[in-house]
Amino acid sequence: MPYPPNVRADGCHGTAAAGHRLTDLRRFSDTRGSLAVIELGREVGFPVRRVYYMYGAGAGSARGAHAHRELHQLIVAMQGSFQISLDNGRGRCVHRLDQPTRGLYLGPMVWRDMSDFSADSICLVLASECYDNADYIRDYDCFLQELRG
Ligand code: TYD
């Protein structure tokens, strides 16, 4: 289906798309099952210094509600699905991650809200830096101020 020139195939408008990118992971499937790969320089563009994952989501739970000042991340729904809403201060878009071979890259200064987790969901996050609470912006108005300031 053709898309208007300013709308990407994933449904995000140009301004909303800045700061994130969906990427397909390499997959090798045979009679034994499937294997997906995330390798520096191919599926991920930053050296990975931290890996974490979220699982056991309760009904109606929400996560995120923050942006990072410097951090780069790649997010994958290893199992199940969840919704992630993105806001870069100039536009918003929403993705449902539901495939273990689809990665969502998020760069710095993208506000994200995560919701509608399936009960079996496992959300894998590869991050460019070790945990640093000072890198978080947890107040949306502060996020907008830092973007514009
Ligand atoms: P939090 O940042 O609240 O998760 P999210 O915003 O994605 O819903 O993290 C929950 C707790 O886990 C919080 O006490 C900080 C801690 N944590 C670490 O210690 N290291 C990490 O790498 C992450 C992501 C969280």
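If you're wondering where the values come from, they're calculated on a predicted model, not measured in any experiment.

## Re the pairing of strand β3 (residues 33-37)
Taken across its five residues, β3 has zero buried, putting it largely on the surface. Pairing analysis gives five bridges linking strand β2 (residues 26-30) to β3, with the strands arranged antiparallel. From the neighbouring strand, R26 faces β3, where its bridge partner is V37. Hairpin connection, β2 to β3: the antiparallel pair is bridged by two residues.

## Let's talk about the sheet that holds strand β7 (residues 82-87)
Strand pairing in a sheet relies on backbone hydrogen bonds. The paired strands run either parallel or antiparallel. Reading across the sheet, the five strands line up as β8-β7-β10-β5-β12 and stay open at both edges, with antiparallel pairing between neighbours. With one partner strand each, in any of the chains shown, β8 (92-97) and β12 (136-137) form the two edges of the open sheet. Pairing analysis gives six bridges linking β7 to β8, with the strands arranged antiparallel. Within β8, the position partnered with L86 by the bridge is C93.

## Side note on the sheet that holds strand β11 (residues 122-127)
Read from one edge of the open sheet, five strands run β1-β9-β6-β11-β4, paired in antiparallel fashion. Sheet topology places β1 (20-24) and β4 (50-55) at the edges, where each strand pairs with a single neighbour. Averaged over all pairs of adjacent strands, the angle between their axes in this sheet comes to 25 degrees, without regard to strand direction. Note: β1 against strand β9 (residues 102-106), five bridges, orientation antiparallel. Note that in β9 the partner of D24 across the bridge is R102.

The rules behind the values
- Residues numbered from 1 in each chain as written.
- Predicted model: local features only at pLDDT ≥ 70, side-chain atom pairs only at ≥ 80, totals over all residues.
- Buried ≥ 20, exposed ≤ 12 C-beta atoms within 10 Å, placed from the backbone.
- Helix = DSSP H or I, 4+ residues; strand = E, 2+ residues; numbered from the N terminus.
- Pairing = 2+ DSSP bridges.
- Axes fitted to C-alpha atoms, helices over the stretch in contact; angles between N-to-C directions.

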